[in-house]
Amino acid sequence: MPTVGRILGVDQGIVFQPAWVQADLIRSKQLSPVALVRACLDQIRSSDDVLKAWISLDEERALRQAALAEHEIQNGGWRGPLHGLVFGVKDQMHARGFPTTLGTKVLTPEEMSPPCTATVIERLEQAGAILLGKQNLHEFGKGGTINFPYGQPKNPWNPAYNASSTSTGSGIATAAGHCSFSIGEDTGGSIRGPSSVNGICGIRPTFGRVSRHGAVMAAYTSDTIGPMARSVKDLAMILRVISGHDAKDALSATEPVPAFDDELQATSENLTGSRIGVVEEIVNSSVHPEVMSAFNEAIQTLEKLGATVQRISLPLAKWAVPLQMLTADCDVAAWFMGTYLKDRYAQFDVGTRTRLVASSLIPASVYSRAMRARRIVRRQLLDSFNEVDVLVTPTNVTPPKKIEDAQERVGEESDMVPRLIQRRISLYPFSLSNVPAMSIPMGFSKNHLPLALQIAAKPFDESMVFRVGYAYQQATNWHQQHPPVKWS
């Protein structure tokens, strides 16, 4: 007799359900992991020729793992809430059996051969999650790619629009129902940006919370791995599994890992007693009117939930963009100059090589001063948490832009703000400070493209970020809306 899960597997709407809903159906044996994998593959086949979310897939491997998961669950071997869920990873993380392309044609096949499997993938697979494949990204995870070697990523809400920065395929795939969740990487906003414009949720955890072993991390003091999913509850469930100290990562934190998802189950849906700070220097006249309107509505919702909202001034926040680009880009350029950039310059995308060569020309004395300045800016931001529990901003200060308008082609000085600064201004203060920051849906533009709310807290206080985000999602339904992806 077939389970309800196999019937649900025929209903393609299952791919848009939050991961926690899929998990509950799998645990209760109403949803077969095999049916879920097949539904995700159907969704990919029907839309990825346009969206270009994936670089590599291993369907047979995924189906074998799904069959094993189904057998284990049917026989009482349920491993936890991720057992039988389907995920993809930004192709910046090594996984044996998959090439690590880094979204570039600069590397040879031998250089793409993974030396190991990333700790984050190992932990997910130990929890029973099923790796489907590797997802598209900006070249070498740097941002600013003009011509994508594996296809131009496109926004599932409207393929004429940009799908944002480097974890772009991870944002697209999750929004389009290609997988239960994805794992992205955030240096300056590459989890939060794609989560914002694709209408999903994504969190950059505290630096050190998630092991980076087995991933290509060139911006050594900023790169952070985190989950991207369709609800805050999903993020909490996934982050609990992938967090924790790893001796293989020299910068891995030893901080205890809370039971994030259990905390949400126990928390009240109101925010009485919570102190929320609105960052004045980000929420100003540079914010697009449509974004500002949605943000004001989000603040009103948080106040109705019992939170106290106040304005917080961070006058040094505006320096986060140049300081982060000076330091993180120098880190990356130093990694490339002795290897690929000298010998294979012409093989790089013009956007990548321009950025890396410019960064390689920055003197060590300037880099050193910028690193010291980063600490001053960070200190101001951390001090604000003596007054409030979380800081909130729009994730992006403009609605999603068309692909050609979002490309970082800088031909003259007037291009700097709209093409380089604008998309980073709300993201980089939290990247530079290495604090947890999450993006969640907060509405739509007049063109029905997603807008997003960003919530940040002090280091290792992801629990507070989740609490505010979860309460907001219980009071709204933006995260329950999905792009009009067709399937056949």
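Each value, and the rule that gives it
- Residues numbered from 1 in each chain as written.
- Predicted model: local features only at pLDDT ≥ 70, side-chain atom pairs only at ≥ 80, totals over all residues.
- Heavy atoms only, no water.
- Helix = DSSP H or I, 4+ residues; strand = E, 2+ residues; numbered from the N terminus.
- Contact = heavy atoms within 4.5 Å.
- Buried < 20%, exposed > 50% of the residue type's maximum accessible area, 1.4 Å probe, protein only.
- pLDDT = per-residue confidence, 0-100.
- Pairing = 2+ DSSP bridges.
- Phe/Tyr/Trp six-rings, centres within 6.5 Å; stacked < 30°, edge-to-face > 60°.
- Polar contact = N/O pair within 3.5 Å; in protein donor to acceptor, adjacent residues only side chain to side chain.
- 1 Å grid on protein atoms, 1.4 Å probe; cavity = no way out; pocket = protein on both sides within 12 Å on 5 of 7 lines; lining within 4 Å.
- Points joined across faces, edges and corners; volume = space filled by probe spheres on them.
- Nonpolar A, V, L, I, M, F, W, Y, C, P; charged D, E, K, R; others polar.
- Axes fitted to C-alpha atoms, helices over the stretch in contact; angles between N-to-C directions.
- Parallel < 35°, antiparallel > 145°, perpendicular 65-115°, else oblique.
- Salt bridge = Lys/Arg side-chain N within 4 Å of Asp/Glu carboxyl O.

J.: Would you take a moment to explain the environment of Met112 for this structure?
T.: Residue placement: Met112 occurs in the loop between strand S2 (86–90) and helix H5 (119–126). Residues Met112 and His94 lie 18 residues apart in sequence; the distance between their C-alpha atoms is 9.1 Å. In contact with Met112, not counting residues within four places along its chain, are Phe98, Pro99, Thr100, Thr101, Thr104, Leu107 and Tyr150.

J.: Teacher, can you tell me more about helix H8 (residues 232–242) here?
T.: Working note: α-helix, 3.6 residues per turn, so residues spaced by three or four point in the same direction. Among the 11 residues of H8, nine are classified as buried, and the element is accordingly described as predominantly covered. Of the residues making up H8, those classed as buried are Val232, Lys233, Asp234, Leu235, Ala236, Met237, Ile238, Leu239 and Ile242. Taken from the residues just after H8, Gly244 is the one with a positive phi, measuring 120°.

J.: So what exactly am I meant to see when it comes to the confidence of the model for the chain here?
T.: Low pLDDT means the predicted atomic positions in that stretch should not be read closely. Of all residues in the chain, 94% have pLDDT values of 70 or greater, and the mean over the chain is 92. Taken together, the stretch residues 1–10 has pLDDT below 50 and engages in 20 contacts with residues farther than four places along the chain or on a different chain.

J.: Can you help me understand the side chain of Lys142 in this one?
T.: Its place among the elements puts Lys142 in the loop between strand S3 (130–135) and helix H6 (168–175). Its relative accessible area of 8% is what places Lys142 among the buried residues. With residues near it in sequence (within four places) discarded, Lys142 still touches Thr166, Asp329, Val332, Arg355 and Leu356.

J.: Help me understand the pairing of strand S9 (residues 390–394) in this model?
T.: Regular strands place side chains that alternate from one sheet face to the opposite one. Taken across its five residues, S9 has five buried, putting it largely inside the fold. Side chains Val390, Val392 and Pro394 project from S9 onto one buried face, and the interleaved Leu391 and Thr393 project onto a second face that is buried too. Sheet topology note: the strand S7 (residues 275–279)/S9 ladder contains three bridges and is parallel. Residue Val278 lies in a different strand from S9, and its bridge partner there is Val392. Relative to strand S11 (residues 450–457), S9 is paired through five bridges, and the arrangement is antiparallel. Paired with Val390 across the strands is Ala457, a residue of S11.

J.: How should the packing of aromatic side chains be read in this particular structure?
T.: Taken as a whole and judged by the stated rule, the model has seven aromatic pairs. Between Phe260 and Phe466 the ring centres are 5.4 Å apart and the planes differ by 75°, which places this aromatic pair in the edge-to-face class. Highlighted residues: Phe260 in helix H9 (residues 260–266) and Phe466 in helix H18 (residues 462–475), separated in sequence by 206 residues. Classification of Phe260 as buried rests on a relative accessible area of 1%. A relative accessible area of 1% means that Phe466 is categorised as buried.

J.: Would you mind showing me how to read the side chain of Arg204 here?
T.: With respect to the helices and strands, Arg204 occurs in strand S5 (residues 201–204). On the basis of relative accessibility, which here comes to 0%, the residue Arg204 falls in the buried class. Polar contacts involving the side chain of Arg204 include one to the main-chain carbonyl oxygen of Asp186, which spans 2.7 Å. Within polar-contact distance, the side chain of Arg204 engages the side chain of Thr224 at 3.2 Å.

J.: Explanation requested: empty space enclosed by the protein in the structure shown.
T.: It is the rolling of a water-molecule-sized probe over the atoms that shows where space remains empty. If you walk through the whole model with that rule in mind, you get five cavities of 30 Å³ or more. Roughly 140 Å³ of internal volume is contained in the second largest cavity. If you go around the second largest cavity, you meet 17 residues; those closest to its centre are Lys142, Thr187, Gly188, Arg355 and Tyr428. When residues in the lining of the second largest cavity are grouped by element, the largest group, four residues, is from helix H11 (residues 320–337). Tallied by class, the residues present in the lining of the second largest cavity amount to three nonpolar, nine polar and five charged.

J.: What am I meant to see in unusual backbone geometry here?
T.: A negative phi angle is the norm for most residues apart from glycine, just as the trans form is the norm for most peptide bonds. Phi at Lys52 takes a positive value of approximately 55°, unusual for a residue other than glycine. If you trace the backbone, Lys52 turns up in the loop between helix H3 (33–51) and strand S1 (54–57). At His448, a residue that is not glycine, the phi angle is positive and equals roughly 55°. Considering the arrangement of structural elements, one finds His448 in the loop between strand S10 (437–444) and S11.

J.: What is the right way to look at the packing of H3 against helix H4 (residues 59–74) in this model?
T.: When two helices pack together, their arrangement is given by the angle between the helix axes and the distance between those axes. The N-to-C vectors of H3 and H4 enclose an angle of 155°; their axes lie 7 Å apart at closest approach. The orientation of H3 with respect to H4, classified from their angle, is roughly antiparallel. Residue-level inspection shows Pro33, Val34, Val37, Arg38, Leu41 and Arg45 of H3 in contact with H4, the latter providing Glu59, Ala62, Leu63, Ala66, Ala67, Ala69, Glu70 and Ile73. The class makeup of the residues in the contact of H3 with H4 is 10 nonpolar, no polar and four charged.

J.: Please clarify how the pattern of salt bridges should be interpreted in this entry.
T.: When their charged atoms lie close together, side chains carrying opposite charge are able to pair. For the coordinates displayed, the defined rule picks out 17 salt bridges. Between Asp261 and Arg240 there is a salt bridge, with the nearest N and O atoms lying 2.9 Å from each other. On the criterion of sequence distance, the pair formed by Asp261 in helix H9 and Arg240 in helix H8 is long-range, its members being 21 residues apart. Among the residues examined, Arg240 registers a relative accessible area of 33% and is labelled partly exposed. Shared partners join several salt bridges into a network, and the residues in it are Asp42, Arg45 and Glu59.

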